[in-house]
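# Summary of structural features
If you want the building blocks of each chain, they are given just below.
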Amino acid sequence: MIEACGVPHTEVDLILVNGQPVNFAGILTQDVGVDVYPPSETGSLLFPEDRLQVRNIEKFVADGHLGKLVRDLRLLGIDVTCDPAAEDRQLVTTSSNEERALLTRDRRLLMHAAVRHGYYLRSQNPLEQTIEVLRRFDLGSRVTPFSRCLRCNALLEPAKKAEVLDQLEPLTKIYYEQFRRCPGCGQVYWSGSHFDKLRARVEEVRASLADQS
Ligand SMILES: [Zn+2]
């Protein structure tokens, strides 16, 4: 009944029928009062034992339209898979099998019964979307910038300069000594000129997160 009104079950944290909590299996009869509450960012105040959503999810799968959000989250060290070619069915399966919360702006996708955890992004702005996800899943303390590959999501490993020498431009060989490499796709990372932009993005996210708290 609630989804028929356009609200995916992943956005419903508490259902009260005549003032008493019920779960998703509750059957509605006529002449009852129904209250529906979203997940609370400020902590669950009413009926904390009867909340229907989980907050402490740390793994995500994003639909293919969210490339900038995916990049932001990986930059912050958050585990998020994204296959731009994935069809809806694959996204639902990945979310269910790997217990990843599904991030999307497609409400119908979140209505699949197999989706246990998910989040409907309100904003179309990547920075605001990033803040939404950090707040909804309480990830502020989980942020570890520059620990994950921006291209493929794998955790980066330290690499000796000699091991990555053949992948470096001439000036990089001269000026940089510390490198990290992705064991997934082989991408090499170092604190070159692009690093300042990434660091600025991390600071932008942190400032926005602090502003809204
Ligand atoms: Zn990679």
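Up top is the structure these notes are about.
Now for a description of the structure that goes with this document.

Another point: the overall build of the chain. A tally of regular secondary structure across the chain gives seven helices and ten strands. Taking the principal axes of the C-alpha coordinates as reference, the chain spans close to 75 × 35 × 25 Å. In the chain, which comprises 213 residues, the share counted as buried stands at 41%. Considering only contacts within the chain whose residues lie at least 6 apart along the sequence, 57% involve residues at least 24 apart.

The relative placement of two packed helices comes down to the angle between their axes together with the axis-to-axis distance. With their axes 9 Å apart at the nearest point, helix α1 (residues 67-75) and helix α4 (residues 126-136) run at an angle of 55° to one another. The orientation of α1 relative to α4 falls into the category oblique. Pair α1 / α4 crosses with right-handed handedness. Of the residues in α4, those in contact with Lys68, Leu69, Asp72 and Leu73 of α1 are Pro126, Leu127, Gln129, Thr130 and Val133. Of the residues assigned to the contact of α1 with α4, the class counts are five nonpolar, two polar and two charged.

Moving on, we come to the coordination of the zinc ion. The protein atoms donating to the zinc ion are Cys149 (SG), Cys152 (SG), Cys182 (SG) and Cys185 (SG), with metal-donor distances spanning 2.3 Å. In this structure, the zinc ion is surrounded by four donor atoms whose angles at the metal cover 94 to 121°, and the resulting shape is tetrahedral. Sequence spacing among the residues donating to the zinc ion works out to C-x2-C-x29-C-x2-C. Here the residue cysteine 149 occupies a position in the loop between α4 and β8 (157-159), and cysteine 182 occupies one in the loop between β9 (179-181) and β10 (188-189), the gap between them amounting to 33 residues. You'll find cysteine 149 and cysteine 182 in the same group, each marked buried.

Here the focus is unusual backbone geometry. For aspartate 31, which is not glycine, the phi torsion reads 60° and is therefore positive. With respect to the secondary-structure elements, aspartate 31 resides in the loop between β2 (20-22) and β3 (34-37). Despite not being glycine, phenylalanine 47 has its phi angle at roughly 45°, a positive value. Within the secondary structure layout, phenylalanine 47 lies in the loop between β3 and β4 (59-62).

Let us now look at the layout of surface pockets. The calculated volume of the largest pocket comes to roughly 270 Å³. Taken together, 14 residues make up the lining of the largest pocket; nearest its centre are Met1, Ile2, Ile15, Phe24 and Gly26.

Calculation notes
Residues numbered from 1 in each chain as written. Predicted model: local features only at pLDDT ≥ 70, side-chain atom pairs only at ≥ 80, totals over all residues. Heavy atoms only, no water. Helix = DSSP H or I, 4+ residues; strand = E, 2+ residues; numbered from the N terminus. Buried < 20%, exposed > 50% of the residue type's maximum accessible area, 1.4 Å probe, protein only. Contact = heavy atoms within 4.5 Å. Axes fitted to C-alpha atoms, helices over the stretch in contact; angles between N-to-C directions. Parallel < 35°, antiparallel > 145°, perpendicular 65-115°, else oblique. Left-handed = near helix turned anticlockwise from the far one by under 90°. Nonpolar A, V, L, I, M, F, W, Y, C, P; charged D, E, K, R; others polar. Donors = N, O, S within 2.8 Å, 3.2 Å for Na, K, Ca; no water. Tetrahedral: all angles 85-135°; square planar, octahedral: opposite > 155°, others 65-115°. 1 Å grid on protein atoms, 1.4 Å probe; cavity = no way out; pocket = protein on both sides within 12 Å on 5 of 7 lines; lining within 4 Å. Points joined across faces, edges and corners; volume = space filled by probe spheres on them.

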